[in-house]
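Descriptive analysis of the structure
Each chain is listed here by its residues.
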Amino acid sequence: MVAHPGQDPVEPFAHAVEAAAALRTATGIDQYDVAVVLGSGWAAAAEGLGSVVADLDLSELPGFPTPRVAGHRNLARSVQAGETMVLVLGGRVHLYEEYTPAEVVHGVRTAAAAGCRGVILTNAAGGINPALSVGAPVLIADQLNLTGRSPMSGPEPPAGRPGRFCDMTDAYGPRLRALARELDPGLTEGVYAGMFGGAYETPAEVRMLAGLGADVVGMSTVLEAIAARHLGLEVLGLSLVTNMAAGVTDAPLAHEEVLAVAAGAGPALVELIGGVLRRW
Ligand code: HPA
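Summarised in this report is the structure supplied together with it. In this text the structure is predicted, and so the values were computed from the model without any measurement.

**Details of the pairing of strand E5 (residues 118-127)**
- Among the ten residues of E5, ten are classified as buried, and the element is accordingly described as predominantly covered.
- Two strands pair when backbone bridges link them, and strand E1 (residues 34-37) and E5 are joined in this way by four bridges, in the parallel orientation. Opposite Val 34, over in E5, you have Gly 118 as the bridge partner.
- Note: E5 against strand E9 (residues 234-244), ten bridges, orientation parallel. Looking at the pairing, Val 119 lines up with Val 235 of E9.
- By the bridge criterion, two bridges tie E5 to strand E8 (residues 216-218) in an arrangement that is antiparallel.

**A short note on the nonpolar core**
- Counting 41 residues, the largest nonpolar core has Leu 23, Tyr 32, Leu 61, Leu 87, Val 119, Leu 121 and Val 216 as its most contacted members.
- If you list the elements that add at least two residues to this core, you get helix H1 (12-27), E1, strand E4 (84-89), helix H3 (106-113), E5, strand E6 (137-146), helix H6 (222-230) and E9.
- Considering every element that reaches this core, the biggest residue donor is H6, with five residues.
- Apart from the residues lying within four places of it in its own chain, the contact partners of Leu 87 are Leu 23, Tyr 32, Val 34, Ala 35, Val 36, Arg 77 and Ala 111.
- Counting 30 residues, the second-largest nonpolar core is a separate cluster that includes Val 36, Leu 38, Ala 45 and Val 79.

**Considering the pattern of salt bridges**
- This structure, assessed with the given rule, holds ten salt bridges.
- With a shortest N-O distance of 3.2 Å, Arg 77 and Glu 47 are connected by a salt bridge. In this pair, Arg 77 sits in strand E3 (residues 76-81) while Glu 47 sits in the loop between E1 and strand E2 (51-56), placing the two residues 30 residues apart along the sequence.
- A salt bridge links Glu 156 to Arg 164, with the nearest nitrogen and oxygen atoms 3.4 Å apart.
- Classification of Glu 156 as partly exposed rests on a relative accessible area of 44%.

**As for the environment of Pro 62**
- Within the secondary structure, Pro 62 sits in the loop between E2 and E3.
- It is 7.4 Å that separates the C-alpha atoms of Pro 62 and Ala 22, two residues lying 40 residues apart in sequence.

Basis of the calculations
- Residues numbered from 1 in each chain as written.
- Predicted model: local features only at pLDDT ≥ 70, side-chain atom pairs only at ≥ 80, totals over all residues.
- Heavy atoms only, no water.
- Buried < 20%, exposed > 50% of the residue type's maximum accessible area, 1.4 Å probe, protein only.
- Helix = DSSP H or I, 4+ residues; strand = E, 2+ residues; numbered from the N terminus.
- Pairing = 2+ DSSP bridges.
- Core = buried A, V, L, I, M, F, W, Y, C linked by side-chain atoms within 4.5 Å.
- Contact = heavy atoms within 4.5 Å.
- Salt bridge = Lys/Arg side-chain N within 4 Å of Asp/Glu carboxyl O.

Following this line, the structure appears as structure tokens:
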């Protein structure tokens, strides 16, 4: 296939199949059930989800760049959580690092090619809704893709794949949201605004996002959710509020603070994700 300008030279769906084959060879695991993508500061969730069956460097798999943003790990971990075989992707890459949408969603497409029926997308986010608390997880109920990018751009998906206009109603599956709320009845739901990122928002941008209906804001997740729904995966999204967004409080924003808050919240998050995985 001829690459469009700005697109990966390798056809992205075939690349994911290749990565899944390399994963099978490296781990000896034929079939995964659910993937967990760990966002900034969710590293603790790589521990304690179940028994570790295999570990490898994510960057050993075709098409996976080494995650470079602090708080992300170069780790592909296979974990048995009850009956569920889980692929934990310890880090992700972002649009603001100048990766293409296809590269950003390569993990999700690889998970689908490895047999996953669902994906848990986690991230660190700024709290826009003043009722939210720093250090608390938010269940993503819906999203605003404000990145100006889409994994469904570029050439039409190849034969044998669903077409590009995938339904995004109930993108974050009601069944999984209900399950998460059952496990943690105090869990708040909210709308996640995904920005291109690279800098935190200005207070004016945060006011705009509030007006658009966003409760939390971050720099990831939205393209992965689209790619997952395109391939029919159920999606659960969890944001950890690591700071109140710019202008919501007077506190200045710093990535170190984001990571410190995330580290403190670790154990509760592990319990929540572990519970969802075991009852998937
Ligand atoms: N804005 C965008 N992304 C973020 C934030 C924020 O305030 N906090 C953590 N990730």
